[in-house]
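Structural description and commentary
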Amino acid sequence: MADPVITSLMEALNQRPDLRWSESHLEQLGYDLSTVRRSFKRHFGMTFLEMARQRRLRAGFETLATSGKVTTAQHEASFESASAFRVAFARLLGRAPAELRPSRMLRATWIPTPLGDMIAVSSHLHLHLLEFIDRKGLPAELKRLETISREGIGIGTTPPSEQAAAELADYFAARADHFQTPLALAGSAFTKQVWSALREIPVGETRSYADIARLIGHPSSTRAVARANGANQIAIMIPCHRVIGADGSLTGYGGGLWRKQRLIEIERQLQSMKKDSCASC
């Protein structure tokens, strides 16, 4: 990470993730507020203060997953009041913390990544959802899963979510370029066909919506392909980020265009490293 502002502040955040960071803290450390905001927005798509708040919520989420006590989670997340914690939690996930119970068939877990934290929802057999925590459509996606499950979403890890976390760590560390986590794909036959085609795009390459439409035998269904692409709720593992505009431009991505660009760059680096490794064999 080349930006010294980001490097030093990330170190400070890792040392004090429980601190209720404010602009005054940054000024006391000698930082220019506009510079910090600009650097973090450019690199992470969010401000440093938003990231710090997300980190505190992560601590609360992880406490809920192990103890189930909302008051303990509130204190671990450094929120002064239970109501403020409930509101922040509900704004992020679309539900109050007490509604996430560890006994449910579908369980949510929090997965940190270099491009921002993600939420994974899985049963004991399959991964049902993997999204960046700041995706605007996340609460609605969780609501749909709750409706399908009929008993709501709980909290905690399962074998598929643990596998997903390990594979994502390998992916971002450039140790692996594919995923084997078993996925639950809920969609029409056409939508599943599109998702299958997305998973066939080689790492380090991109395709247009028209390319995908031709590949699945529906050359006139470009718009339908785009809708199916947008309906994907298992980010990265079903690589909708590899689909770009016909003119080569980046198009809509629920996790943010900045993430789409970074994922494409990461995968091109992965592919380059793989080629270099093969050449030296």
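What this report covers is the structure whose coordinates are included nearby.

Thresholds, definitions, all that
- Residues numbered from 1 in each chain as written.
- Predicted model: local features only at pLDDT ≥ 70, side-chain atom pairs only at ≥ 80, totals over all residues.
- Heavy atoms only, no water.
- Salt bridge = Lys/Arg side-chain N within 4 Å of Asp/Glu carboxyl O.
- Buried < 20%, exposed > 50% of the residue type's maximum accessible area, 1.4 Å probe, protein only.
- Helix = DSSP H or I, 4+ residues; strand = E, 2+ residues; numbered from the N terminus.
- 1 Å grid on protein atoms, 1.4 Å probe; cavity = no way out; pocket = protein on both sides within 12 Å on 5 of 7 lines; lining within 4 Å.
- Points joined across faces, edges and corners; volume = space filled by probe spheres on them.
- Nonpolar A, V, L, I, M, F, W, Y, C, P; charged D, E, K, R; others polar.
- Phe/Tyr/Trp six-rings, centres within 6.5 Å; stacked < 30°, edge-to-face > 60°.
- Lys NZ or Arg CZ within 6 Å of the ring centre and 35° of its normal.

What about the pattern of salt bridges?
Two side chains bearing opposite charge may form a pair once their charged atoms approach each other closely. Inspection of the entire model under this criterion finds 9 salt bridges. For aspartate 18, the salt bridge is made with arginine 16, and the minimal N-O distance between the two is 3.2 Å. For aspartate 18, a relative accessible area of 36% translates into the label partly exposed. Glutamate 267 serves as the salt-bridge partner of arginine 242, at 2.8 Å between the closest nitrogen and oxygen. Of the two residues, arginine 242 sits in the loop between helix H11 (222–230) and strand S6 (243–244) while glutamate 267 sits in helix H12 (residues 257–279), which places them 25 residues apart along the sequence. No difference in accessibility class separates arginine 242 from glutamate 267, as the two residues are buried. Here the salt bridges share partners, and the residues they tie into one network are Glu131, Arg135 and Glu141.

Topic: the layout of surface pockets
Roughly 490 Å³ of volume is contained in the largest pocket. Every element with two or more residues in the lining of the largest pocket is listed here: helix H4 (48–67), helix H6 (82–93) and H12. Across the lining of the largest pocket, the residue classes break down as 8 nonpolar, 5 polar and 7 charged. Each pocket or cavity is described by its volume, and for the second largest pocket that value is around 390 Å³. Residue lining of the second largest pocket: 22 residues in total, with Phe44, Thr113, Pro114, Leu115 and Gly116 positioned closest to the centre. When residues of the lining of the second largest pocket are assigned to their parent elements, the largest contribution, 5 residues, is made by H12. Looking at the lining of the second largest pocket residue by residue, the class counts come to 13 nonpolar, 5 polar and 4 charged.

Digging into the packing of aromatic side chains
Geometry of an aromatic ring pair is reported as the spacing of the ring centres plus the angle between the planes. Overall, the coordinates contain 6 aromatic pairs when judged by the stated rule. Both rings, one in phenylalanine 40 and one in phenylalanine 48, keep their centres 5.3 Å apart while their planes meet at 70°; by these two values the pair is edge-to-face. On the accessibility criterion, phenylalanine 48 (1% relative accessible area) is buried. Considering the side-chain rings of tyrosine 171 and phenylalanine 179, the 5.4 Å spacing of their centres and the 45° angle between planes classify their relative orientation as tilted. The same class applies to tyrosine 171 and to phenylalanine 179, which are both buried. Chaining the aromatic ring pairs together yields one cluster made of Trp21, Phe40 and Phe48. Between arginine 56 and the ring centre of phenylalanine 79, over which it is positioned, the NZ or CZ distance is 4.6 Å. Across the ring face of phenylalanine 132, the terminal group of arginine 259 is positioned such that the distance to the ring centre comes to 4.0 Å.

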